[in-house]
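This is what each chain is made of:
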Amino acid sequence: MLAAVATGLAVLTPVAGAQVGTGPWISDSPGYSEQERGCGDVSGLTFKLTCSTASGDQRAERRYTTYSGGTHQFEGSFKITSMSGSRISLKQTFRDGSSAGPYFLLAVEKGGRMYAVEGGATLGSGATVGTSVRVNTINQVGSSHKVYLNGSLKQTISSPGGSYYDKFGSYRTSSGAGPITVQWSGIKFWHK
């Protein structure tokens, strides 16, 4: 009887993690550094741009360890708690090394539109104050980079070979300005 009960409980136990894409995935714990520039402020997993300056380097971010090759997945949820600015990047996949620079930037406009900064494609809506949005990116280096919002695939682009790293927080795009306060949670990384 106990075995049957134990078996029944095992069936009800949820699968650990909420990663998307085909696994199996191996959990990672990459190191990171914090970046505060201009009116950026980092406090734990809360990232603020406290000014409405529409020029200069305004950022509050976590930058994770560089990786090369393989397939790497990021997962995290953000909730904007206040925003009177617009066009703020929240999640980035950056190229490192000889091709260093922005590769993928997920940004949000004041009305809740989420878009890819490079190319301007709309990826979703509803990123309004108080609403939680889960973001997953899967970068298969040398093949493809995929973006999921709340578990739904929103974009697939080519991923050149080389080195990359993940960043999240709040970062003023070239056409944007704060202020914004955003809280991140559920940060996870995997590789395969």
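Residues numbered from 1 in each chain as written. Predicted model: local features only at pLDDT ≥ 70, side-chain atom pairs only at ≥ 80, totals over all residues. Heavy atoms only, no water.

Before going further, it helps to spend a moment on the packing of aromatic side chains. Using the criterion set out here, one finds twelve aromatic pairs in the structure. A ring pair is formed by Phe 78 and Trp 184, whose centres lie 5.5 Å apart and whose planes are at 55°; its orientation type is tilted. In this pair, Phe 78 is assigned in strand E7 (residues 71-83) and Trp 184 in strand E16 (residues 180-191), connecting sequence segments 106 residues apart. The same class applies to Phe 78 as to Trp 184, namely buried. Centre to centre, the rings of Phe 94 and Tyr 165 are 5.4 Å apart; their planes meet at 25°, and the pair counts as stacked. Note that Phe 94 is positioned in strand E8 (residues 86-96) and Tyr 165 in strand E15 (residues 163-177), a separation of 71 residues in sequence. (Phe/Tyr/Trp six-rings, centres within 6.5 Å; stacked < 30°, edge-to-face > 60°. Helix = DSSP H or I, 4+ residues; strand = E, 2+ residues; numbered from the N terminus. Buried < 20%, exposed > 50% of the residue type's maximum accessible area, 1.4 Å probe, protein only.)

This brings us to the confidence of the model for the protein. Per-chain confidence: the protein averages 91 in pLDDT, with 91% of residues scoring 70 or above. Contacts for the low-pLDDT stretch residues 1-16, under 50 throughout, to residues beyond four places or in other chains number zero contacts. (pLDDT = per-residue confidence, 0-100. Contact = heavy atoms within 4.5 Å.)

Here the structure, examined in full by the defined rule, presents one disulfide. Covalent S-S linkage joins Cys 39 and Cys 51, the inter-sulfur distance amounting to 2.1 Å. Note on the Cys 39 and Cys 51 pair: the S-S dihedral is about -65°, so by sign convention the disulfide is left-handed. Remark: Cys 51 occurs in the loop between strand E4 (46-49) and strand E5 (59-64) and Cys 39 occurs in the loop between strand E2 (32-37) and strand E3 (40-43); sequence separation between them is twelve residues. For the pair shown, Cys 39 and Cys 51 are each scored as buried. (Disulfide = S-S within 2.5 Å.)

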